[in-house]
Amino acid sequence: KIYENASDIPSLDSYGYVIVGGGLTGSVVASRLTENSNTTVLVLEAGVSHQGVEIIEVPGLQSFTGPGTIYNWNYTSVPQVHLLNNTIPAPRGHVLGGSSSINGMWYTRGSSADYDRWANVTGDQGWLWDELQSYFKKSESLVAPVDGHNTTGQYDPALHGTQGPLQVTVGGFSQSLDQLVMGRLDQDFPFIEDYDNGEPIGFGWTQTTIGNGSRSSAATAYLDDYLNRTNLDVAVNSLAIRIFASNGSRIDTVTFTANGLPINVTARVEVLLAAGVFNTPHILLNSGIGDASELSAMNIPVVHNLPSVGKNLTEQPAISSLWNTSNPVSAAQAEVDYENAIAQWNSNRTGRMVLAISNTVGFARMNVSSPEVQALVEEYGELAPGPASPHFELLPTNAFDAETNFENAQFIFDSVNLVPYSRGSVTLNSANPLGPPLIDYNFYSAPQDILVMRQAVLGALSFISTPDWQDFLTAPASSLLAAVVDEYPNVSNATMDAYIRATTSISFHAVGSCSMSPAGADWGVVDPDFHVKGVAGLRVIDTSIMPFAPAGHSQAAAYVIAERAADIIKGST
Ligand SMILES: Cc1cc2nc3c(=O)[nH]c(=O)nc-3n(C[C@H](O)[C@H](O)[C@H](O)COP(=O)(O)OP(=O)(O)OC[C@H]3O[C@@H](n4cnc5c(N)ncnc54)[C@H](O)[C@@H]3O)c2cc1C
């Protein structure tokens, strides 16, 4: 049951588990734990319910869930010293389903070497790619796209689940851009049938968390059908601010505010933090769990000195190169197209609005025949965790700004560095737990990151260098990109870096701020079984625990983390 008003929660001391955050991971774990009718769970979610919200449900309206809405925490980074002191957005979902209710819906698992590296750095073989396959499949149902097109050769059914709660599909509406991308592929940019095969090198058909033309989020997949369980309660509009040990020995109590009033709820078994990459460390720090000297400087009593809390923040820098195209669309026509697409979606869940952002996506390694890449590898070694793991992603999209820019009027080519070595932080702004955290991505503090980004931008320019693409694209939409294009293919580092530093933003895949490490290690925040080191009664179960970002988008990994967390927690009660 969903409680809109916390004063209606029937009991504040009878739940076995209190989960802080009803986002992606919190929803999965709540759902799985309450499969056992003897296990009682209360989920505290700061945001509102996802139910009945059109811009969440309709995939084509994803851009409207961005900053400025009540569905978003609307955070912003501190000025980035290596990005001309620009501040960068730090969006996160503020709604049931969390960021899975507002995300771009790409479903990509990354490479097998990503997860094998997690196993190596944590000493827990359960994180190996092969061991996790059952969890990828358990979470997923691969479903047919709504346009009923023949999907043979667009993915490998053997890699996917068919019985899981989360619906995944390939695009249910074709675009002219699809053929431009697929027609470009050759030995430099090969086709890959299914980039979820553990070796994602090549361009393939995008898989998205969409079913029956609608967004499939952790809330729709893992909560909606189970809210009638008497052992599962979900309180929305409930902002957790602090956790503490009411009896002095183990963490058992969460203080949250509802309607501005503080309320304490006590867990009989454990408190599970699932507030996400920015807010989980924020809650720990506000509760006196973190670096003792940083806490003391804020006059926060130290409960447990855990210096790694909020460190290791990892985000993949991304650049969106914007082009004008030979398909201009008048504002009036765009408005008509938009209204028609909404009407079609409302009538039968088909048409343009069933698409997320792009039907195609590519993953690539740096070109080792380039002297710059050879020098880079000589200085820094292999940057990817394995030889079949990509260094960068190329994402071709219509600049789809639903009302003003309907179809191919502009084109965006995203270049993403998938192997960032820069590490940022989440720290306290003040001792006021209601204030926002300080978020520092610290982009390009590791010098190799900008070198990889140069290759990613060059890769995008190489992709669009063919006659078909040159017919489609009329001109770069910014003077900085125009300067790069003018010098292509021998772009000077000065011109390239001016473009990169001015335009780098996020790929929306921040992870790692409460990293896992081996049990007993004196670094890291959680053990591989999610227990917070040195603190009884408390686990972190969200994407903040990833020691490294997978070479892809983060939600597939988040579902796997949550499924595994639920099994481990079930096994230990
Ligand atoms: C705009 C955007 C686009 C993205 N696009 C993609 C994509 O296309 N593909 C992909 O794979 N990944 C994407 N991601 C990333 C992906 O959605 C996240 O990695 C994933 O949802 C993180 O899961 P989580 O459970 O750690 O956190 P979240 O899903 O963010 O959940 C955290 C939850 O905790 C709640 N919460 C936070 N603080 C408190 C508090 N103090 N008290 C109570 N509740 C609290 C939040 O409101 C939220 O509901 C995107 C993310 C964003 C923000």
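All values derive from a computational prediction rather than experimental measurement.

Caption draft 1: Helix α1 (residues 24-33), seen in detail. Burial analysis of α1 places 10 of its 10 residues in the buried class, the great majority of the element. Every buried residue of α1 is accounted for by L24, T25, G26, S27, V28, V29, A30, S31, R32 and L33.

Caption draft 2: Region of the structure containing the site of the ligand. Close contacts around the ligand come from 37 residues, with T25, E45, S99, T543 and Q555 the closest. G104 places a main-chain nitrogen or oxygen 2.9 Å from a nitrogen atom of the ligand. With respect to the ligand, the side chain of N279 contributes an N or O atom lying 2.9 Å from a nitrogen atom. In isolation the ligand has 1000 Å² of accessible area, and contact with the protein removes 97% of it. Contributing elements (two or more residues each) for the shell around the ligand: α1, β13 (239-244) and α7 (276-286). Here the shell around the ligand takes 3 residues from α7, the largest share from any one element. Here the residues of the shell around the ligand sort into 14 nonpolar, 20 polar and 3 charged.

Caption draft 3: Structural detail: the sheet that holds strand β6 (residues 140-142). One open sheet holds the 3 strands; their spatial order is β6-β7-β9, and the pairing between them is mixed. Edge strands, defined here as strands with exactly one partner in the open sheet, are β6 and β9 (207-208). Against the sheet, helix α4 (residues 129-139) contacts β6 and β7 (166-170), and its axis sits at roughly 65 degrees relative to β6.

Caption draft 4: Representation of the nonpolar core in the model. By size, the foremost hydrophobic cluster in this structure holds 141 residues, and its most contacted members are I243, F278, L284, W469 and L538. Ranked by the residues each element gives to this core, the list is headed by helix α15 (residues 555-571), at 9 residues. In this structure I243 touches I251, T253, V254, V271, L273, I283, L284, S287, I289 and L538, once residues within four positions along its chain are discounted. I55, V58, V95 and V354 belong to the second-largest nonpolar core, a separate cluster that totals 14 residues.

Conventions used here
- Counting restarts for each chain: residues are numbered from 1 in the order of the written sequence.
- Local features in a predicted model are, by the rule used here, given only for residues with pLDDT of at least 70; side-chain atom pairs are given and counted only at 80 or more, and totals for whole chains, interfaces and linings are based on all residues.
- The basis for every side-chain value is the complete set of heavy atoms in the structure, and neither hydrogens nor water enter the calculation.
- Buried, partly exposed and exposed residues are distinguished by accessible area as a fraction of the type maximum, computed with a 1.4 Å probe on protein chains only: under 20%, between the cut-offs, and over 50%, respectively.
- Labels follow the DSSP assignment, with helices taken as runs of H or I lasting at least four residues and strands as runs of E lasting at least two, numbered in each case from the N terminus.
- We call a residue near a given molecule or strand whenever any one of its heavy atoms falls within 4 Å of it.
- Here a polar contact means two N or O atoms within 3.5 Å. Within protein one must be a hydrogen donor candidate and the other an acceptor candidate, and residues neighboring in sequence count only if both atoms are side-chain atoms.
- The accessible surface values rely on the Shrake-Rupley method and a 1.4 Å probe; as for residues, cover is taken only from the protein chains in view.
- Under the convention adopted here, Pro, Cys and the residues Ala, Val, Leu, Ile, Met, Phe, Trp and Tyr are nonpolar, Asp, Glu, Lys and Arg are charged, and Gly plus all remaining residues are polar.
- DSSP bridges decide pairing: two strands pair if at least two such bridges lie between them.
- We call two residues in contact whenever any of their non-hydrogen atoms come within 4.5 Å of each other.
- Axis definition: a line fitted to C-alpha atoms, over the contacting stretch in the case of helices. Angles run 0 to 180 degrees between N-to-C directions.
- Working definition of a nonpolar core: buried Ala, Val, Leu, Ile, Met, Phe, Trp, Tyr and Cys residues. They are joined through side-chain atoms within 4.5 Å.

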